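Summary of structural features
Below, each chain spelled out in residue letters.
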There are 2 protein chains.
Amino acid sequence: MTVQRGFPTSEYEARVGKAQRLMAEAGLAALLLTTEPEVRYFTGFLTRFWESPTRPWFLILPAAGRPVAVIPSIGAHLMGQSWITDIRTWRSPDYGDDGLSLLTDAFKELVPPSGKIGVPSALESHLRMPLSDYARLQDALGPERLVADKLIMRRLRSVKTDAEISKICHACTIADRSFARVRDIARTGVTLDEVFRRFQMLCLEEGADWVGYLAGGAGPGGYGDVITPAVSRELASGDVLMLDTGVVWDGYFCDFDRNYAVGSVPRDVDDAYARLIEATDAAFEIARPGATAADLFHAMDRIVSGGEGGSDAGRLGHGLGMQLTEWPSLIPQDDTVLEPGMVLTLEPGIEIAPGQTLVHEENIVVSGTGAEYLSAPAPRDLPRLM
Amino acid sequence: MTVQRGFPTSEYEARVGKAQRLMAEAGLAALLLTTEPEVRYFTGFLTRFWESPTRPWFLILPAAGRPVAVIPSIGAHLMGQSWITDIRTWRSPDYGDDGLSLLTDAFKELVPPSGKIGVPSALESHLRMPLSDYARLQDALGPERLVADKLIMRRLRSVKTDAEISKICHACTIADRSFARVRDIARTGVTLDEVFRRFQMLCLEEGADWVGYLAGGAGPGGYGDVITPAVSRELASGDVLMLDTGVVWDGYFCDFDRNYAVGSVPRDVDDAYARLIEATDAAFEIARPGATAADLFHAMDRIVSGGEGGSDAGRLGHGLGMQLTEWPSLIPQDDTVLEPGMVLTLEPGIEIAPGQTLVHEENIVVSGTGAEYLSAPAPRDLPRLM
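Residues numbered from 1 in each chain as written. Chains lettered and ligands numbered in written order. Predicted model: local features only at pLDDT ≥ 70, side-chain atom pairs only at ≥ 80, totals over all residues. Heavy atoms only, no water.

Per an unreviewed UniProt entry, chain A goes by Xaa-Pro peptidase family protein and derives from Roseobacter insulae.

1. Comments concerning unusual backbone geometry
Note the threshold: Numbered from the N terminus, helices here are DSSP runs of H or I no shorter than four residues, and strands are runs of E no shorter than two.
Following Ser92 of chain B, the chain continues to Pro93 of chain B via a peptide bond in cis, the omega torsion being 0°. Inspection of the secondary structure puts Pro93 of chain B in the loop between strand S4 (86-90) and helix H4 (100-110). The linkage connecting Trp327 of chain B with the following residue, Pro328 of chain B, adopts the cis geometry, with an omega of -5°. Along the polypeptide, Pro328 of chain B turns up in strand S12 (residues 326-329). Here Glu124 of chain A, not a glycine, exhibits a phi torsion of approximately 70°, which is positive. Residue position: Glu124 of chain A is located in the loop between strand S5 (117-119) and helix H5 (131-141).

2. Thoughts on the sheet that holds strand S1 (residues 30-33) of chain A
All names here are of chain A. Here is the rule we go by: One requirement defines pairing of two strands: DSSP has to find at least two bridges between them. An axis is simply a line fitted to the C-alpha atoms; with a helix, the fit covers only the stretch in contact. Between two such axes, the angle follows the N-to-C directions and lies from 0 to 180 degrees.
Sheet architecture is open: six strands sit in the order S4-S3-S2-S1-S5-S6, paired in mixed fashion. The open sheet has two edge strands with one neighbour each: strand S4 (86-90) and strand S6 (146-148). Going from strand to strand, the sheet's axes swing by 25° on average, the running direction of each strand aside. Pairing of S1 with strand S2 (residues 58-62) involves four bridges; the strand directions are antiparallel. Note on S2: the bridge partner recorded for Ala30 is Pro62.

3. Structural notes on the packing of aromatic side chains
We count it as follows: Between rings of Phe, Tyr and Trp, where Trp is taken as its six-membered ring, a pair exists when centres lie within 6.5 Å; planes separated by under 30 degrees are stacked, by over 60 edge-to-face, and by other angles tilted. Only protein chains enter the accessibility calculation, which uses a 1.4 Å probe. A residue is then buried if its area is under 20% of the maximum for its type, exposed if over 50%, and partly exposed in between. Only when the NZ atom of a Lys or the CZ atom of an Arg is both within 6 Å of the ring centre and within 35 degrees of the ring normal do we say a charge sits over the ring.
Evaluation of the coordinates by the stated rule reveals 24 aromatic pairs over all chains. Residues Tyr12 of chain A and Trp83 of chain A carry aromatic rings whose centres are separated by 6.0 Å and whose planes lie at 15° to one another, so their mutual orientation is stacked. Here Tyr12 of chain A, found in helix H1 (residues 9-26), pairs with Trp83 of chain A, found in the loop between helix H3 (76-79) and S4; they are 71 residues apart in sequence, far enough to count as distant. When the ring of Phe284 of chain A is compared with that of Tyr373 of chain A, the centres are 4.1 Å apart and the planes differ by 15°; the resulting orientation is stacked. With Phe284 of chain A in helix H10 (residues 267-286) and Tyr373 of chain A in strand S17 (residues 371-373), this residue pair connects regions lying 89 residues apart in the sequence. A relative accessible area of 24% places Tyr373 of chain A in the partly exposed class. One aromatic cluster is present, formed by Phe45, Phe49, Trp50 and Trp57 of chain A together with Tyr213 of chain B through successive ring pairs. Above the ring of Phe7 of chain B, the side-chain terminus of Lys167 of chain B is found at 4.5 Å from the ring centroid.

Rendered as C-alpha cells:
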C-alpha cells in the first residue's frame, strides 16, 4: 500500500462538512476544541510541541465555513502551512490575557448571540485550558452558551477514512518489522530497560517518526503489570517478555503487543497463550458491520475468563487512530455498532496466577463485510528467545 | 554525579509536608489532582500509560496524612509498589460511573463537610477528567467546595530538590552526548526526517528512557519554525540545522537545542549565533537568588532585539523538570524571584529575516550564589557540518 504524508484539502473539507451537519442536527452554532487530536483533526496541525503544557490552543468550528484558529503566535508559521486561512494569534504566555479576549471576540463575530457552543465533555475527553480561564469564558459569553458537543467528535473520529487507515497500517508495519527483530536485542541476561531502549531504536530504524508509547513486562511465567516502564532486572529463563508499543507515523498510532518466552516456560504458559490467540480469533471472526463492541468483548471473555465479565484491565480492546486509545471500548456496556472504517484493537488478557498475567493485542479494521488485520497476526505458538 | 532511579520515601514525605503547610495557610482541606505530573509528584507513579486518554486518575491530598489514590484498577499493581497505601480502584472505563462515586465517597470520608478542595486552575494547568464528570462532582460535593489551588502546585514544583536536579542533569548529559554525535548522522543530502529519526536513536543509545520531545528546523540561513516535525527535505549547503530535544530519564526532562551550519553560511548567520551566545551569557551571569524571571528576559532581550520586548515565541526561556516546560516564563510580566533549586532554560531567539530565525537554548539550575549549567554550554562559534 502506498502511503503519503498529510491529507488533501478535500479530506478536511469532508470532515468539516460532516461535523457541520451533525452540529446543525444538534442545534450547535459552533464547536470549541482545545486538545491536540481535536485541533489536528480539522487542521492537520501536527507538532510534538503539545508536550509543552504552557500555552492553550483554540480551534473554533463555526456552523459554516472553515475552522478558525485562535493560537499562540509561536504556532502561526506552522498553522499557516495548513488549509486554515483565518489564523488569529497572540503572544503567549500572557499573564493578563492568555488568548481569552481574542477567543471571546472570535465567538462574538462567528456565532449568533444566543448560539450554543459545543465542547467535548463526555468520557475520554478533557478540556486543555486552565479552569479559571474557562470560567471567565463562560462569564464573557453568557450563561448556558457552552454545552456538551453531543459526542460529535467521537462520532466523527470513530470512523476512519481510507487515507487515515493507510497511515495506521503503515505504523503497524513499522512495528511488525520491529517485533520481527526482537531476537536481536532480547535474551537471557539483558536487562528489561535495555530491551526497551533497543526496541525503540528498532522502531525508529524501521521508520517510526517517534515512539509514542512503549510499555511491557517480564516475569517468571507472566507479568504483573502491562503499564510499567522498564526496570533494570535481567531477563531470565522461564520469563515471559511482553512489549506493547504505540509507534507514530504522520500522527497516527498503532497499538499492539507481542509476547516471547525466554528459554523454557511451564506448559500452562503455552496453554494460556493459545487461549489468547483463540480469543482474538473469535472476536476477529465476528467483527463486521452490525456487530457491537460488546459482542467482541463477550466473544473474547468467554474464552479467557469463562464469561466472568472482564478483568482489572477494564476492557478487552478499544479504538485506535490519532491517539493510542480511542472509542469504543470492548466492554459489556458498549453497544457501539461497528461500521466500515472503524479501527480496533483486540486485547484479551488472562491471569495464570496472581501477578502472572498474559495480554495479547492485535489491530484490525472493520471492512464492508468483515474485518482485516492491520498488524501481521502473531505466531500461533508463543515464540522463544534464548 | 551518581544518580539513582526513584526517590526515597522521605522525599515524598517532604513534598506532602510542604503541600499540607501551604494548604493550611490557604484554608484548603484537600487537593484534587488529575494530571500525570501532579499525581507523580506525590506518589512516584511513573508510566507512559497516560498516553491513553481513556481513563481518569485521581489523587486526593488530605490536610494530613498520605495521599489517597482513586484510580482505575489497571494501575493498582504499579501504584501498589509506591509509598501510597490507600489505593481505591474501579474497573475503568465504566460508562455508568467512571470512578465518580468512589471519588465522592473518598472526599466525604477525608474532608469535613464544608472543607474547600483545591484544584489547579491557573495558567499552565488543566483538568484531566471529563467536564461532564467535573460538573457532577461539583453537584455531589455541594456548591463552592471546589476552588483554585492558590498556585500551591506551582510553588512546590518550581523549586527542585537535589535528587530531582540530578535526574534533570542526567537527562542533559544524555542529550549532550547525543548532540556530540550529530556529525555522524547529519550532512548535505540527508533528509531532515532521517536526521530526526537517527537523532532519537542516538539519544536512546546514550541512555534515554524515551525521547519525549524532538523538534527543529533547517533552512537557508535559518529556519522559519521551531516546533515543526520533520519533513523529507534534504539538508543543503547554506542551511542552518537546529535540533531541540526533550530527553526523558526517570521521568525528568532536559530541554535544549543545538545549531549547526551545513557547509558554508553567510556571515550574518555567524553574527546572529554570536549574539545568541552573548545573550545566554548575559542571562546566566545575573541568574542568582533574588533576580527575577523578568530580569533574565531583559538581559537577553536587550541583546537579541535591542530591548523591543520579545518575539512571536512569546518568551525567552522557562522552567523545566517533570515536564518539558514549567513555570516560570522568562517574560517581562513574570516577577518570580529566583530561588536555589529552580531549573530554567535560557532560550533567546533572533530573526535574521522573515522566516529565517535562529534559537539557542541552555539549561541551568539556580544555586545558592549564582547558577550552574546543566547542559554543557554550546560552542562559542556555530559548528559546521559537511
